[in-house]
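Structural overview for review
The residues making up each chain are set out below.
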Amino acid sequence: MSEFNLAFLGPAWITHRRWGEITLPNRKTLALLVYLAIESQRPHTRESLLGLLWPELPTPSAQNNLRVAWSQLRQSLTEAENPVESIPHLISTRLELRFNLHSDHQLDVTHFRELLEACRTHQHGQPN
């Protein structure tokens, strides 16, 4: 079993192997996690995340909201981590944010994509 289990197909559900269910403080923080986890193949610029999550706000307000959401997300996920044993789930630089693709987690969307790919590449017999 993975350290974190992220289920986003259906109602969002985030659990930790030892700590149980993790509740995020608001929908924007959840939206940030969902987007970063599903699109974890690359980092995302802070600027692009501002436009995605707060397009209607002036830049300074949107930047503040992103800082708060990122802080809440880090706090919610890192409280459950053991820093000695685990690879961090969230990575940030001055310009970019990302969910760590190599951290110990399981994402239902990834599993679903893998099943779709297996079906697509499976050598089905011809129906009679």
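Our structure is the block above this text.
1. Focus on the pairing of strand 6 (residues 96–99)
Side-chain alternation along strand 6 places Leu97 and Phe99 on a buried face and Glu96 and Arg98 on a face that remains uncovered. As judged from the 2 bridges shared by strand 4 (residues 44–45) and strand 6, these two strands associate in the antiparallel manner. In the sheet register, His44 faces strand 6, and the bridge partner there is Leu97. Sheet topology places strand 5 (residues 90–92) next to strand 6; 3 bridges connect them, and they run antiparallel. Across the sheet, the residue bridging to Ser92 is Leu97, located in strand 6. Two successive antiparallel strands, strand 5 and strand 6, enclose a turn made up of 3 residues.

2. Topic: the sheet that holds strand 1 (residues 4–7)
Spatial strand order, 3-2-1-7: 4 strands in an open sheet with mixed pairing. Whereas interior strands pair on both sides, the edge strands pair on one side only; in this sheet they are strand 3 (20–21) and strand 7 (105–107). By the bridge criterion, 2 bridges tie strand 2 (residues 13–16) to strand 3 in an arrangement that is antiparallel. Residue pairing for strand 3: His16 is matched across the bridge by Gly20.

Conventions adopted
- Residues numbered from 1 in each chain as written.
- Predicted model: local features only at pLDDT ≥ 70, side-chain atom pairs only at ≥ 80, totals over all residues.
- Heavy atoms only, no water.
- Buried < 20%, exposed > 50% of the residue type's maximum accessible area, 1.4 Å probe, protein only.
- Helix = DSSP H or I, 4+ residues; strand = E, 2+ residues; numbered from the N terminus.
- Pairing = 2+ DSSP bridges.

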